[in-house]
Amino acid sequence: MDKNDFLMNLFGNYYNDNVSKIEPPSNTAKREFGFMFFRHSAVIRHLGFENDEQLKTFLIREAPSDVFYSAASYNQPDMPKMSLKGWEGCDLIFDIDADHIETSCKNEHDKWNCQVCWEIGKGIKPEKCPKCGNSKIEEIKWLCDICLETAKQETIKLVEDFLIPDFGLNETEVSVCFSGHRGYHIHVESDIVRELSSQARREIIDYIKGSGINPELHGLQEVGRKRIIVGPDTKGRGWEGRLARYIIKFISELDENQIQKEDKSVRKKFSTLLKEKQKVVNYLTRHPPLWDAMKNIDINVWYLISERAINMAKVEIDEPVTSDIRRLIRLPTSLNGKTGFEVKPLKLNELAEFDPFSKSQVFKGEFTVYIIDVPRFRIGEEIFGPYTNEKVELPLSAAVFLLCKGVARID
Ligand SMILES: [Zn+2]
Ligand SMILES: [Zn+2]
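Below you will find a few notes about this structure. As the structure is a computational prediction, the values presented were derived from the model and not from experiment. Per chain, the residues get numbers from 1 upward, laid out in the order the sequence is written. Whichever chain is written first becomes A and whichever ligand is written first becomes 1, with later ones labelled in order. Local features in this predicted model are restricted to residues of pLDDT 70 or higher, and side-chain atom pairs are both shown and tallied only at a pLDDT of 80 or more, whereas totals for entire chains, interfaces and linings draw on every residue.

**Looking at the overall build of the protein**
Right, so step 1: Each helix is a run of DSSP H or I of at least 4 residues and each strand a run of E of at least 2, with the numbering of both proceeding from the N terminus. The helix and strand tally for the protein stands at 14 helices and 20 strands.
Right, so step 2: If one aligns the C-alpha atoms of the protein with their principal axes, the spans along those axes are about 80 × 50 × 40 Å.
Right, so step 3: For every residue, the other C-beta atoms within 10 Å of its own C-beta are counted; 20 or more classify it as buried, 12 or fewer as exposed, and values in between as partly exposed. C-beta atoms are placed from the backbone. Each of the 411 residues in the protein was classed as buried or not, and the buried ones make up 35%.
Right, so step 4: Sequence separation of 24 or more characterises 65% of the internal contacts of the protein that already satisfy a separation of 6 or more. Two residues form a contact once the distance between their C-beta atoms, set from the backbone, is within 7 Å.

**Description of the sheet that holds strand β14 (residues 328-330)**
Right, so step 1: Pairing within the open sheet is antiparallel, and its four strands lie in the order β2-β1-β3-β14. The open sheet terminates on both sides in strands that have one partner only, identified here as β2 (44-47) and β14. For this sheet the average axis-to-axis angle between neighbouring strands, irrespective of direction, equals 30°.
Right, so step 2: Whether two strands pair depends on DSSP finding at least two bridges between them. Looking at chain direction, strand β3 (residues 66-70) and β14 are connected through three bridges and run antiparallel. Following the sheet pairing, Tyr 69 is matched in β14 by Ile 329. Note on geometry: axes are lines fitted to C-alpha atoms, helical ones only across the stretch in contact, with angles between N-to-C directions running from 0 to 180 degrees.

**Structural notes on helix α11 (residues 299-313)**
Right, so step 1: What a helix is expected to span follows from its residue count: subtract one and scale by 1.5 Å. For α11, with 15 residues, the first-to-last C-alpha span of 20 Å sits near the 21 Å given by 1.5 Å per residue.
Right, so step 2: For α11, the full list of buried residues reads Trp 302, Ile 305, Ser 306, Ala 309, Ile 310 and Ala 313. For α11, the angular spread of the buried residues around the axis is 150°, confining them to a single face. In α11, the exposed positions that point more than 90 degrees away from the buried face belong to Asn 300, Glu 307 and Asn 311.
Right, so step 3: On its buried face, α11 sits against β13 (228-230) and α7 (238-253). Arc, as used here, means the arc of the directions from the helix axis to the C-beta atoms.

**What to know about unusual backbone geometry**
Right, so step 1: Geometrically, the link from His 287 to Pro 288 is a cis peptide bond, its omega value of -5° lying close to zero.
Right, so step 2: One can find Pro 288 in the loop between α10 (277-284) and α11.
Right, so step 3: Each neighbour pair has its own omega, and for Gly 385 with Pro 386 the value is 0°, a cis peptide bond.
Right, so step 4: The phi torsion at Ala 63 lies on the positive side, around 40°, for a residue other than glycine.
Right, so step 5: For Ala 63, the location among the structural elements is in the loop between α2 (52-62) and β3.
Right, so step 6: According to the C-beta neighbour criterion, Ala 63 is buried, with 22 such atoms within 10 Å.

**Some points on the environment of Val 321**
Right, so step 1: With respect to the helices and strands, the residue Val 321 is situated in helix α12 (residues 319-323).
Right, so step 2: A tally of 19 C-beta atoms within 10 Å means that Val 321 is categorised as partly exposed.
Right, so step 3: Each C-alpha atom, one on Val 321 and one on Glu 262, is 34 Å from the other, the two residues being 59 residues apart in sequence.
Right, so step 4: If we ignore the near neighbours within four places in the chain, the residues touching Val 321 are Ile 93, Phe 94, Asp 95 and Arg 327.

**A look at the packing of α7 against α11**
Right, so step 1: Running from amino to carboxyl end, α7 crosses α11 at an angle of 100°, the nearest separation of the two axes being 8 Å. For the element pair α7 / α11, the angle class is roughly perpendicular. Along the contact surface, α7 presents Arg 242, Leu 243, Tyr 246, Ile 247, Lys 249 and Phe 250, while α11 presents Ile 305, Ser 306, Arg 308, Ala 309, Met 312 and Ala 313.
Right, so step 2: Throughout, the ten residues Ala, Val, Leu, Ile, Met, Phe, Trp, Tyr, Cys and Pro are labelled nonpolar, Asp, Glu, Lys and Arg are labelled charged, and all others, Gly among them, are labelled polar. Tallied by class, the residues present in the contact of α7 with α11 amount to eight nonpolar, one polar and three charged. Every angle not falling under 35 degrees, over 145, or within 65 to 115 is termed oblique; those three ranges are roughly parallel, roughly antiparallel and roughly perpendicular.

Without other data, these values stay purely geometric and don't point to any function.
Structure follows, in structure tokens:
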């Protein structure tokens, strides 16, 4: 049996069986759609549908591997050229992907494999297969609990620290979904954001990534002839309060290990802080805070700590996804062809508890695949692998995952 036919059949059944669950975007008729298919590799875009029913019929009939729609609305979304579509506005989209976040696990589990001779290797894929010289090499970006938990924490930070308190968005205007692969997408639909230019969206990115935040401008400075240190209050708005809160977090989490990573010149200062950690934290959480109480911590040390704090407080978002006002994004409730997982819409209050390795699995049954090489992975409550060159019967969701990832084949 051909792998592509097998997967296409399963995806088609999913769309057929879940037709009432599929959530077309708002204003389907105004959106551009794009698809990828199992039998050819190019993205087909510039498609339009008159209504939700037409879209659903297409999904069932064509069983695409991946489904995308435009965050933008257009007067004529199916025109072949962007300039002819008549742009009318665009949702504000954020993409948080483990690809853009440093995690310890990535160098361990990301691999490549040659699609011709099945040679495999760790890390970034080579131009040509060292064994057979072919350039048909697939990268296997693996995903694990660490990657997805890190991405999830960034997502929660974006919503709870930025979108709702700082931007004043309402919970009903923000929706979150698991991307079905290595991250989360955040969609903001509101009249306030619709007409923002790409430039304006770049300003939003800078704010969220904390680019150019100057602690001095947020109140951390020396004042008067006696050069008394004053600084931000945790109750301050925007970056002021965030700076204060994350400086406290940094100090609370400070330990010997952390100090050893620093330059020799600052280790001594940080050690002083470590010794009086609780006292400092108490001073800084007062209203107003007491920044001047630590006599041997000068303003430059506070600026250095501010840098560390900003790094902890910012959110790693994928910039082009937010700034490009003509981009396509995965349709929530569709399937991700890289994994066979559902692009799962989530309520804000379910996000913290959401487990992508169980709650985005849609296939039932068992299936036997020939596995080339996979690290240990989890589906639901069960741990599988590692496997190398062996035939294994797996739950269908796990088998589909490996087939989509290109690390197994149908025997
Ligand atoms: Zn090869
Ligand atoms: Zn990982």
